[in-house]
Amino acid sequence: MVSKRATKTSELPIYVEVGTKRTFASAVQWPGWSRGGRDESEAVAALAAYGERYAAVVTPAGLKLVPPKDPAGFEIIKRVKGNATTDFGVPAMGISSDGGPLPRAELERLERILVACWDALDRAAMNARGLELRKGPRGGGRDLDKIVEHVAGAEEMYITKLGARAPKAAGNRNVRPNDVRDAILAALRASARGLPIAEPSRVKSLWTPRYFVRRAAWHVLDHVWEIEDRAIRRR
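A brief structural summary. The shown structure was predicted, so the numbers you read here are calculated from the model rather than taken from an experiment.

1. What to know about the packing of aromatic side chains
Thought 1: The tally for this structure, following the rule as stated, stands at eight aromatic pairs.
Thought 2: With 6.2 Å between their ring centres and 85° between their planes, Trp30 and Tyr54 make a pair best called edge-to-face. Linking Trp30 in the loop between strand S2 (23-27) and strand S3 (34-37) with Tyr54 in helix H2 (residues 51-58), this pair joins segments that are 24 residues apart in sequence.
Thought 3: Taking 5.6 Å as the distance between ring centres and 65° as the angle between the ring planes, the aromatic pair formed by Trp33 and Phe74 counts as edge-to-face. Of this pair, Trp33 sits in the loop between S2 and S3 while Phe74 sits in the loop between H2 and strand S4 (75-81), placing them 41 residues apart in sequence. With respect to class, Trp33 is no different from Phe74; both count as buried.
Thought 4: In this structure an aromatic cluster arises from ring pairing among Trp30, Trp33, Tyr54 and Phe74.
Thought 5: Above the plane of the ring of Trp30 lies Arg109, whose end atom (NZ or CZ) is 4.3 Å from the centre.

Listed below in structure tokens is the structure:
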């Protein structure tokens, strides 16, 4: 059972991924809570600014987070060198502790957080249905359906980094987002426990389960917040 004890501000370690053009700050214990900026101070400030929004996502998963109100509440435990993907605007680097043993309780917690992010996407899409999304730098010009399709398509690629393949359409039935999500959770468990993958992919460079959840959850939430920020609500 996941504890509902609030995490204190002093218990919020983060790491910083430094590229040549972009920098990301990521909460080590809270996958998906990653924000970028032009430099370290801007990235950490953005992470703090999104704390309440992230807490609102994980609360339904039975987790309670008390985010710091300003950057001083974080402890930077590691700085890693970014790469071209970092500069493109994606948190691309994990940390050495990601590869350590993954206890069952932690795996279940990661699953809950990832599912909570998916639920947040479904809610955001439902709440924005029928609304116009404003154009501009925050998300560009994709409409709502294209955003949702983009996230689903990315997850079909992400699952290969766990050593698995995405489900395929069968007969007249198309692959649904929940099919891919279920396959991701199954592959995540198998990867964490060192079990065989049911439908193995040919990808040789795999992600650790911890980094997988951090990257996948970040991508989902980035688009959740894009939808929320771009939705135009008429009064």
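After that view of the structure, there is still more to cover.
2. Quick notes on the pattern of salt bridges
Thought 1: Tallying each qualifying case throughout the model produces 13 salt bridges.
Thought 2: The closest approach of N and O atoms between Asp229 and Arg53, which form a salt bridge, is 3.1 Å. In this pair, Asp229 sits in helix H7 (residues 209-230) while Arg53 sits in helix H2, placing the two residues 176 residues apart along the sequence.
Thought 3: Looking at Asp229, the relative accessible area reads 29%, which means it is partly exposed.
Thought 4: The network of salt bridges with common partners includes Arg53, Glu228 and Asp229.

3. Examining the nonpolar core
Thought 1: Ranked by internal contacts, the top residues of the largest apolar core, which has 61 residues, are Trp30, Trp33, Tyr54, Leu114 and Phe212.
Thought 2: Residue assignment for this core shows that the elements contributing at least two residues are strand S1 (13-18), S2, helix H1 (40-49), H2, helix H4 (104-128), helix H5 (144-158), helix H6 (177-193) and H7.
Thought 3: Ranked by residue count, the leading element in this core is H4, at 12 residues.
Thought 4: Those residues in contact with Trp33 that sit more than four places away from it in its chain are Leu12, Ala25, Ser26, Ala27, Leu47, Tyr50, Gly51, Tyr54, Leu65, Pro67, Pro68 and Phe74.

Parameters at a glance
- Residues numbered from 1 in each chain as written.
- Predicted model: local features only at pLDDT ≥ 70, side-chain atom pairs only at ≥ 80, totals over all residues.
- Heavy atoms only, no water.
- Phe/Tyr/Trp six-rings, centres within 6.5 Å; stacked < 30°, edge-to-face > 60°.
- Helix = DSSP H or I, 4+ residues; strand = E, 2+ residues; numbered from the N terminus.
- Buried < 20%, exposed > 50% of the residue type's maximum accessible area, 1.4 Å probe, protein only.
- Lys NZ or Arg CZ within 6 Å of the ring centre and 35° of its normal.
- Salt bridge = Lys/Arg side-chain N within 4 Å of Asp/Glu carboxyl O.
- Core = buried A, V, L, I, M, F, W, Y, C linked by side-chain atoms within 4.5 Å.
- Contact = heavy atoms within 4.5 Å.

Read these as spatial facts, not as claims about activity.
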